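Survey of secondary and tertiary structure
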Amino acid sequence: MIHYALHSSPLGELVLTMNSGQLTGLWMEGEKHCPPIDSDWQKNASPFSQVRKQLDEYFSGKRKIFSLDSFTEGTAFQHAVWQQLTKITYGTTASYASIAAAIGNHRATRAVGTANGKNPICIIIPCHRVIAANGAIAGYSGGITNKKWLLNHEAAHR
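The structure reproduced in this document is the subject of the present report. As the structure is a prediction and not an experimental result, all values here were calculated from the model.

Across a regular strand the side chains alternate sides, sitting on one face of the sheet and then on the other. Of the strand pairs in this sheet, strand E1 (residues 2-9) and strand E2 (residues 12-19) are connected by eight bridges, and their pairing is antiparallel. By the bridge assignment, isoleucine 2 is partnered in E2 with asparagine 19. Linking E1 to E2, which pair antiparallel, is a turn of two residues. Where E1 meets strand E4 (residues 42-43), two bridges bridge the pair, whose relative direction is parallel. Residue pairing for E4: tyrosine 4 is matched across the bridge by lysine 43.

Moving on, we come to the side chain of histidine 3. Structurally, the position occupied by histidine 3 is in strand E1. Looking at histidine 3, the relative accessible area reads 17%, which means it is buried.

Turning our attention to the nonpolar core. Core analysis: the largest hydrophobic core is formed by 35 residues, its most contacted members being Leu26, Leu55, Leu85 and Ile123. Elements represented by at least two residues in this core include exactly E2, strand E3 (22-28), helix H1 (49-59), helix H2 (76-85), helix H3 (96-102) and helix H4 (109-117). The biggest single contributor to this core is H1, with four residues. Setting aside its immediate chain neighbours within four residues, leucine 26 contacts Leu14, Val15, Leu16, Leu55, Pro120, Ile121, Cys122, Ile123 and Ile124.

Conventions we followed
Sequence order as written defines residue numbering, which begins from 1 separately in each chain. It should be noted that, the model being predicted, local features are given only for residues of pLDDT at least 70 and side-chain atom pairs only at 80 or more, the latter also being counted only at that level, while totals for whole chains, interfaces and linings use all residues. Working from all heavy atoms in the structure, the side-chain values ignore hydrogens and water. Any two strands are treated as partners once DSSP identifies two or more bridges connecting them. Counting from the N terminus, the helices are DSSP H or I runs at least four residues long and the strands are E runs at least two residues long. Residue exposure (1.4 Å probe, protein chains only): buried if accessible area is under 20% of the type maximum, exposed if over 50%, otherwise partly exposed. For this analysis, a nonpolar core means a set of buried residues of the types Ala, Val, Leu, Ile, Met, Phe, Trp, Tyr and Cys, connected via side-chain atoms within 4.5 Å. Throughout, a contact is declared for two residues whenever any of their heavy atoms are within 4.5 Å.

Fair warning: the whole summary comes from geometry, so function is off the table for now.
The structure is reproduced here in structure tokens:
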């Protein structure tokens, strides 16, 4: 059974999903890859108490590392990218090219960008911390404005 809840944030409503006690999704409402709420999903805020608490701490500048049980569905390549994203420390950035190199495929820069954009647990798996090699703030499925907000927020609370 997939449980879902909406959570208010400085970026607007966040859509949270959980299955078998594991966080499976965190999207900004209206985000490019945010799935529509399915009629089979059960609205139930109670399983999300730790997720909500940690998100609120993050948005207040008090939390820099999340500690949540999560599960993501994806290809082996996507999992390698998402795992590498978790190594980008709070308040810092990495380039798509550096992520490609770190997973052992320096030619996969564009594929890294695609995998980054399909990250189902934004903020917690910090896809917003990936920028272009020239320092430009490029694509973000949650919108460039939100990506800039997240990067500025982290820079202000380092």
